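# Structure assessment
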Amino acid sequence: MFRNTFKTLSSKMASQLDQELMSTGAFSIDQLMELAGLSVAQAIYRQYPPTSASSNKVLMLVGPGNNGGDGLVASRHLKIWGYDPVLFYPKKSTKNELYKNLLKQLQDLEIPEIENLEEIKSLLETPKSVKIIVDSLFGFSFKPPIRAPFDDLINYLSTNHSKIPDIVSVDIPSGWDVDKGPVDVDINSTMLISLTAPKPCSEHFLKEGRVHYLGGRFINQKIAQKYDIEDLVKLYKGDELIVKL
Ligand SMILES: NC(=O)C1=CN([C@@H]2O[C@H](COP(=O)(O)OP(=O)(O)OC[C@H]3O[C@@H](n4cnc5c(N)ncnc54)[C@H](O)[C@@H]3O)[C@@H](O)[C@H]2O)[C@H](O)CC1
Ligand SMILES: [K+]
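Remember, it's a predicted structure, so these values are computed and weren't measured experimentally. (Residues numbered from 1 in each chain as written. Chains lettered and ligands numbered in written order. Predicted model: local features only at pLDDT ≥ 70, side-chain atom pairs only at ≥ 80, totals over all residues. Heavy atoms only, no water.)

### So, the UniProt feature "domain: YjeF N-terminal" (unreviewed entry) in the protein
The positions UniProt marks with the feature "domain: YjeF N-terminal" (unreviewed entry) are residues 14-231. With 37% helix and 15% strand, residues 14-231 has its two end C-alpha atoms placed 17 Å apart. (UniProt positions renumbered as here; feature names shortened; annotations may be inferred. Helix = DSSP H or I, 4+ residues; strand = E, 2+ residues; numbered from the N terminus.)

### Let's talk about the sheet that holds strand 7 (residues 211-215)
Spatially, 8 strands are ordered 3-2-1-4-5-6-7-8 in an open sheet, and the strand pairing comes out mixed. At either margin of the open sheet sits one strand with a lone partner, and together these are strand 3 (113-114) and strand 8 (243-244). Note that strand 1 (residues 57-62) and strand 2 (residues 84-88) share 5 bridges and pair parallel. Within the sheet, the bridge partner assigned to Lys 57 lies in strand 2 and is Asp 84. Where helix 2 (residues 29-47) meets the sheet, its contacts fall on strand 4 (132-136), strand 5 (166-170), strand 6 (191-195), strand 7 and strand 8, and the angle it forms with strand 6 comes to roughly 150°. Of the strands in this sheet, strand 1, strand 2, strand 3 and strand 4 are in contact with helix 5 (residues 117-124), which crosses strand 1 at around 150°. (Pairing = 2+ DSSP bridges. Contact = heavy atoms within 4.5 Å. Axes fitted to C-alpha atoms, helices over the stretch in contact; angles between N-to-C directions.)

### Regarding the side chain of Ser 39
Relative to the elements of secondary structure, Ser 39 occurs in helix 2. In this structure Ser 39 comes out as buried when scored by relative accessible area, which is 0%. A polar side-chain atom of Ser 39 sits 3.1 Å from the main-chain amide nitrogen of Gly 216. What Ser 39 contacts, discounting residues up to four positions off in sequence, is Leu 195, Gly 215, Gly 216, Leu 241 and Ile 242. (Buried < 20%, exposed > 50% of the residue type's maximum accessible area, 1.4 Å probe, protein only. Polar contact = N/O pair within 3.5 Å; in protein donor to acceptor, adjacent residues only side chain to side chain.)

### Side note on the nonpolar core
Residues Ile 44, Ile 193, Ile 219 and Ile 229 are the most contacted members of the largest nonpolar core, which totals 52 residues. If we skip the residues at most four places from it in the chain, Ile 193 touches Val 40, Ala 43, Ile 44, Val 168, Ser 169, Val 170, Asp 171, Tyr 213 and Gly 215. By size, the runner-up hydrophobic cluster in this structure holds 24 residues, among which are Phe 88, Phe 138, Ile 146 and Leu 153. (Core = buried A, V, L, I, M, F, W, Y, C linked by side-chain atoms within 4.5 Å.)

### A closer look at unusual backbone geometry
Residue Pro 144 is joined to Pro 145 through a cis peptide bond whose omega torsion reads 5°. Mapped onto the elements of the fold, Pro 145 is located in the loop between strand 4 and helix 6 (150-159). Omega for the peptide link from Ala 148 to Pro 149 comes to 5°, which places this bond in the cis form. The phi torsion at Asp 171 lies on the positive side, around 70°, for a residue other than glycine. Along the polypeptide, Asp 171 turns up in the loop between strand 5 and strand 6.

### Digging into the site of ligand 1
In the vicinity of ligand 1 lie 21 residues, with Asp 70, Gly 139, Ser 141, Lys 143 and Asp 171 positioned nearest. Within the side chain of Asp 18, an N or O atom sits 2.8 Å from a nitrogen atom of ligand 1. Between Ser 141 and ligand 1, the recorded distance is 2.6 Å, taken from a side-chain N or O atom to an oxygen atom. Within the complex, 87% of the 890 Å² of free accessible area of ligand 1 lies under protein. (Near = heavy atom within 4 Å. Areas by Shrake-Rupley, 256 points an atom, 1.4 Å probe, with all protein chains shown as cover.)

### Some points on the coordination of the potassium ion (ligand 2)
At this site the potassium ion (ligand 2) is bound by Asn 67 (OD1), Asp 135 (O), Phe 138 (O), Val 170 (O), Ile 172 (O) and Ser 174 (OG), with donor distances of 2.7 to 3.1 Å. In primary sequence terms, the donor set of the potassium ion (ligand 2) follows N-x67-D-x2-F-x31-V-x1-I-x1-S. One end of the pair, Asn 67, is in helix 3 (residues 66-80); the other, Asp 135, is in strand 4, with 68 residues separating them in the sequence. Note on accessibility: Asn 67 and Asp 135 belong to one class, buried. (Donors = N, O, S within 2.8 Å, 3.2 Å for Na, K, Ca; no water.)

Right, here's the structure in full:
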């Protein structure tokens, strides 16, 4: 039975909450991203645990913003927990110290990088070589239509559903309009990890065979009340950083 009566946060409200946490809330982006990325890795571990019987390769698709940053953090945790992440990170920020540091941490863990779509295709089209794809390309600041160099990748993922392994999307299925849902393309993710609160597009997500998690457990009661997401925050049990919706 699907439960889809949760509160959502529009792209505008999600961005406002994010700014509030980092101004009056006195959080740094590094802290929020670490907690968000950690919860992404935990949800993946719960749904797709590593196994000695098959490939533990995880193709991490990393975008240019903070959604990509969550993917970089998750890659580090996944590697330490026994997965074999491979990075596709075509638009690196050269100025931002945080992203540079996160990438250096992954290089120190000897996580390899894939350079182009052709390499992605050949990896994905080799049967059983990749366990899952993690989509951390775009989050709540994405505005369609998709621009290069991500357009070809999203189109490929959207038109080859039967060839490719399960896709786990971080916060938003990339390519979807944050408030409206799928527009021109649909990468058909099978798992969504909403951060802080689901966004309106997640109402189009639930159907047979798909799972939805909530992560990013870092807001206090007062902020939860202000953004009317107290009921969501109450779903977390004990010390857990994720909850299946
Ligand atoms: N409070 C929280 O829940 C936190 C969530 N986090 C994650 O941060 C993202 C939102 O990050 P932000 O940097 O604002 O934006 P995005 O990553 O969504 O993308 C911005 C990036 O994408 C480019 N872009 C936008 N539209 C397009 C397009 N049509 N084509 C190509 N490129 C596009 C834009 O230029 C930027 O470079 C949220 O979803 C969470 O995943 C934080 O990590 C912690 C707090
Ligand atoms: K995403």
